[in-house]
Amino acid sequence: MQAKDSNPPDGGYGWVVVVSAFMVMGLTAAVLKTFGLFFVEIQQHFDELASTTSWITSVTITVFHLGAPVASSLCVQYTHRRVVITGGLLAFSGMALGFFGLNMVWLFATTGFVQGLGISFSWTPAISIVSHYFSKKRALANAIASAGECAFAFMFGPFFQWLIGQYGWKGALLIIGGIQLNICVCGVLMRPLASSCFLEASHCETETSPGNGASRTNKEDQSSITPKTFNWMLVRRPEFVLYAIFGILAAMSFFVPPLFLVPLSYSLGIDESWTASLLSILAMVDFGGRLLCGWYANLHVTKSIHLLAMAITLISTSLMLLPLANNYLSLAIFTGFYGFFFGTTVAIHITVLVDVVGMPEFDSALGLFMLIRSTGGFVGPPLAGLIVDMTGDYRAGFYMAGAILVLSAGFLIILDRLQQRKIRGSKIRTKPEKSMLPYASLHILKHQTRRYGEHNVVV
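**A few points about the overall build of the protein**
So, point 1. Assigned secondary structure in the protein consists of 19 helices and zero strands.
So, point 2. With 459 residues in all, the protein has 48% of them scored as buried.
So, point 3. For the protein, contacts bridging at least 24 residues in sequence account for 85% of all contacts bridging at least 6.
So, point 4. For the protein, the exposed area adds up to about 22,200 Å²; of that, 66% sits on carbon and sulfur atoms.

Here's what the structure looks like:
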């Protein structure tokens, strides 16, 4: 059980939690993002097809998403700290066991399944506990935490290449696994907001003070401490369903540009050295977009869902324009626009999820959202690949991604209209009854007459 989070600190030790989450994002999502550097090495070592080798990353991504509801449920039953520490041990185990490299099936089970489960058990609670510690500054805190993925991905690219060159791909896996043990240190720093000792003490006080005035106070204290369970019934809430559909469509698009950006540059005749710099540009502007969006959202000038809808619209525009590039400079510019607005989306979408379901249901909602969104990530790249094969042009994949993002923005607009309608309905129900008398003086006279009548009845 956990205590209901009331009055989050919105600072103080919360910034330690943000830095810890920043590190966890880098040691999980950034490792997954740059794992493609091992692709050719593993493929050549086992003399396997590219499709077979790609299953390592596919298994990792699948387990990462499917494990999110399990991680959220464990956070509800225990603490975020314990789940993150467990995730760090699993991530290390997956890489360390992958060091033996017996065969492809062994890598599927270790570097794929165990590593994916470790990433899920680390990433999910890390991003969740940040929202528990912040309320007014939640958007900024989430943006800073999520920026760890970009910062570490920018550094891990050349670092992993150096490790593979010095120690081989097996030795590099072992070293990376050792680095991922730092996730456990970050988990230790993620102090729970409500301790189990407080829960037990409150429970005992309520039982030992019946029949007096103090019991009322203790019962009121106990009412703010409610047992929490994983809420699977969120799928029945229209607001959550609409946001989940948006997540599916967005995931179908987000995985496409990084997949086809390098092949598109090759088709334009751009040199390999310049092509590699496109990924660096993508990481840098992504980092800047997350921080800038978090700062702007923290000003509360624009509603979070409106900011997200604008970012999605601008991403779709960037993807529609990107295929028009015919040289390195124009391709780099459009890639920069895409990366910046993608960063703004990542920075704000967790905050919007909190606004949709409320903080008490956030842990359950995050796990379910990750699970449902995974279907878009699985369908999007193969669908884009099919369209590219049919047209023979990599530009078609970007057009598909942009069109789907436009559709996803439509569901955000519907969700916003639904929320506004519910707010108006609640205001009408709670609106005090207006007097039918035309003048205020007559209204006062009415009340005085009523009070006088009641006085006579009592006398």
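From this point, the discussion proceeds with the structure in view.
**Considering the side chain of Glu149**
So, point 1. Checked against the element boundaries, Glu149 lands in helix α8 (residues 138–180).
So, point 2. Judged by relative accessible area, which is 15%, Glu149 ranks as buried.
So, point 3. Separated by 2.9 Å, the side chains of Glu149 and Lys33 make a polar contact.
So, point 4. Every residue in contact with Glu149, bar those within four places of it in the chain, is listed here: Met25, Gly26, Ala29, Ala30, Lys33 and Arg290.

**What about the packing of aromatic side chains?**
So, point 1. If you walk through the whole model with that rule in mind, you get 19 aromatic pairs.
So, point 2. Considering the side-chain rings of Phe156 and Phe160, the 4.7 Å spacing of their centres and the 15° angle between planes classify their relative orientation as stacked. Here Phe160 and Phe156 lie together in helix α8, a separation of four residues that amounts to about one turn. A single burial state applies to Phe156 and to Phe160, both of which are buried.
So, point 3. Through a chain of ring-to-ring contacts, three or more aromatic side chains come together here, namely Phe22, Phe35, Phe38, Phe152, Phe156, Phe159, Phe160, Trp162 and Tyr167.
So, point 4. The ring of Tyr13 is capped by Arg191, whose NZ or CZ atom sits 3.8 Å from the centre of that ring.

**Observations regarding the pattern of salt bridges**
So, point 1. Tallied over the full model, the rule gives six salt bridges.
So, point 2. For Arg290, the salt bridge is made with Asp286, and the minimal N-O distance between the two is 2.8 Å. In this pair, Arg290 and Asp286 both sit in helix α14 (residues 272–298), four residues apart, roughly one turn of the helix. Side by side, Arg290 and Asp286 carry an identical accessibility label, which is buried.
So, point 3. The salt bridge involving Asp393 is made with Arg395; its shortest N-O contact spans 3.5 Å.
So, point 4. When its relative accessible area of 29% is taken as the criterion, Asp393 is described as partly exposed.
So, point 5. Taking the relative accessible area as the measure of exposure, Arg395 reaches 24% and is therefore partly exposed.
So, point 6. Beyond isolated ion pairs, a larger network of salt bridges with shared partners links Lys33, Glu149, Asp286 and Arg290.

**Quick notes on unusual backbone geometry**
For residues that are not glycine, phi is negative in most cases, and the peptide bond is trans in most cases.
So, point 1. Notably, Asp10 is not glycine yet its phi reads approximately 55°, a positive angle.
So, point 2. Looking at the element boundaries, Asp10 is found in the segment before α1 (14–33).
So, point 3. The buried category is assigned to Asp10, whose relative accessible area is 15%.
So, point 4. Of note, the phi angle at His300 is positive, near 60°, even though the residue is not glycine.

**Observations concerning the confidence of the model for the protein**
So, point 1. Within the protein, residue pLDDT values average 80, and 83% of them lie at 70 or more.
So, point 2. In the predicted structure, residues 435–446 sits below a pLDDT of 50 and forms four contacts with residues beyond four places in sequence or in another chain.

**What to know about the environment of Gly11**
So, point 1. Within the secondary structure, Gly11 sits in the segment before α1.
So, point 2. Exposure remark for Gly11: the relative accessible area of 8% places this residue in the buried category.
So, point 3. Distance from Gly11 to Lys136, taken between C-alpha atoms, is 9.7 Å for residues 125 residues apart in sequence.
So, point 4. Not counting the four nearest positions on each side in its chain, Gly11 is found in contact with Tyr133 and Phe134.

**Quick look at a nonpolar patch on the surface**
So, point 1. Taken together, the side chains of Leu97, Phe99, Phe100, Leu102 and Leu174 present a nonpolar region at the surface, about 440 Å² in accessible area.
So, point 2. Its location among the elements puts Phe100 in the loop between α6 (80–98) and α7 (104–133).
So, point 3. For Phe100, a relative accessible area of 49% translates into the label partly exposed.

Cut-offs and rules
- Residues numbered from 1 in each chain as written.
- Predicted model: local features only at pLDDT ≥ 70, side-chain atom pairs only at ≥ 80, totals over all residues.
- Heavy atoms only, no water.
- Helix = DSSP H or I, 4+ residues; strand = E, 2+ residues; numbered from the N terminus.
- Buried < 20%, exposed > 50% of the residue type's maximum accessible area, 1.4 Å probe, protein only.
- Contact = heavy atoms within 4.5 Å.
- Areas by Shrake-Rupley, 256 points an atom, 1.4 Å probe, with all protein chains shown as cover.
- Polar contact = N/O pair within 3.5 Å; in protein donor to acceptor, adjacent residues only side chain to side chain.
- Phe/Tyr/Trp six-rings, centres within 6.5 Å; stacked < 30°, edge-to-face > 60°.
- Lys NZ or Arg CZ within 6 Å of the ring centre and 35° of its normal.
- Salt bridge = Lys/Arg side-chain N within 4 Å of Asp/Glu carboxyl O.
- pLDDT = per-residue confidence, 0-100.
- Patch = residues over 30% accessible without salt bridge, like charges linked within 9 Å, V, L, I, M, F, W, Y side chains within 5 Å.

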